[in-house]
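# Results of the structural survey
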Amino acid sequence: MVVDEAQATAALRDTDQSLRTLDDAGDVAADAVDDVGEAAERSTGKLKMVKKAIAGVTAGLAALAIGTSVAKDFEQSMANVAAVSGIDKTSDQFSRLEKEARRLGASTTFTATEAGEGLTFLGMAGFSASEQLDALESTLQLAQAGNLGLGESADIATNILSAFKLEATQTTRVADVLALTAVSANTDVRQMGEAMKFLAPTASALGISLEEASAALAILANSGLRGSIAGRNLQTAFVKMLAPTAEADRAIRDIGFSLDEVNPEIVGFQTALERLSRLDAQGIAKVFGVENMKAVITLLSGLTGEDGLEGFLAKLREADGTVARIARMLTDTFGASIKKVTSAFSE
């Protein structure tokens, strides 16, 4: 077969041109793919930006809603304070109460709204605006130390203040004594509050101090007598001392003393108990009643030593600052810190 050289050369040129055309088409196709990819990336980026913007707006609206709710709740709690206490919301007194509630809301695990609720409970107990200011912080600390609700804490504190005829400025003293008794004996703040409901008025009538009554309850608690049982037993026993029978008079004279010489209001609580400790079981039954014998014998047999009346009184007379220290210890945890920060942010 004879090949025409000119025809072969022309065919090669045509083949080369076709290959170049295909290569150019491939480049165009690749560029097109790149353009599509870049467009897709731009669209994805814009979509992400839109999503972030929407998320930001949503978070902002949520924060605004929460802030509005918190402000509304606080306003209502302070309105309750004004209503219960009979205070004008435009007065300087109300302004000071509101400021104190905000301060404690920013510095404790309680919110300002909860602090406002504490003021309401104190107002319901008959406290004036100035008395509420004196009592609020210690009431919150007592609630924290005793794991109580604010209403219960306020109820316990105000009942004891009233029974012992103490001013509102003595709320910290009450909280300190209760908190220290709770951590020193086999009892807690709630049980102490229950016991004091019964014991405190009678103890006060006999000239027995808060610390002395608390020490007596601590001795009973360590023997298994707590709360209302301990309070009732000591109350009825002490009532018999306020109005002794002729039989009780004879029993006391049999140990060498007159009624006045064993009267706590006259000779002091410790001295009276030391003298009464000379009574035997029969004498105790005559003076204090058979139903109260267990409580009285427990008390009279626990007058000395570190875990006796003497030891507890020494501790309780140095109780100053106890409830604040316990509150700080309880706040010094991760969970409490988060709650405290949350409380502060609510302001």
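The structure presented is a predicted model; accordingly, all values stated were derived computationally and were not measured.

With that settled, the discussion passes to empty space enclosed by the protein. In total, this model carries 1 cavity of 30 Å³ or more according to the counting rule given. When its volume is computed, the largest cavity comes out at roughly 40 Å³. Forming the boundary of the largest cavity are T187, Q191, M192, A195, L217, A221, L225, R226, G227 and A230. Only α7 (189-205), α8 (210-221) and α9 (227-242) provide two or more residues apiece to the lining of the largest cavity. The residue makeup of the lining of the largest cavity, split by class, is 6 nonpolar, 3 polar and 1 charged.

Moving on, we get to the nonpolar core. Ranked by internal contacts, the top residues of the largest apolar core, which has 88 residues, are M196, L234, F238 and F288. A per-element tally of this core places α8 first, with 8 residues. When neighbours within four sequence positions are excluded, F288 is seen to be in contact with A237, K240, M241, L276, L279 and V296.

Two elements in contact, helix α5 (residues 150-163) and α7, have axes separated by 9 Å at closest approach and are oriented at 20°. Put simply, α5 runs roughly parallel to α7. Pair α5 / α7 crosses with left-handed handedness. On α7, the residues touching E152, I156, I160 and A163 of α5 are V189, R190, G193, M196, A200, P201 and S204.

Conventions and cut-offs
Residues numbered from 1 in each chain as written. Predicted model: local features only at pLDDT ≥ 70, side-chain atom pairs only at ≥ 80, totals over all residues. Heavy atoms only, no water. 1 Å grid on protein atoms, 1.4 Å probe; cavity = no way out; pocket = protein on both sides within 12 Å on 5 of 7 lines; lining within 4 Å. Points joined across faces, edges and corners; volume = space filled by probe spheres on them. Helix = DSSP H or I, 4+ residues; strand = E, 2+ residues; numbered from the N terminus. Nonpolar A, V, L, I, M, F, W, Y, C, P; charged D, E, K, R; others polar. Core = buried A, V, L, I, M, F, W, Y, C linked by side-chain atoms within 4.5 Å. Buried < 20%, exposed > 50% of the residue type's maximum accessible area, 1.4 Å probe, protein only. Contact = heavy atoms within 4.5 Å. Axes fitted to C-alpha atoms, helices over the stretch in contact; angles between N-to-C directions. Parallel < 35°, antiparallel > 145°, perpendicular 65-115°, else oblique. Left-handed = near helix turned anticlockwise from the far one by under 90°.

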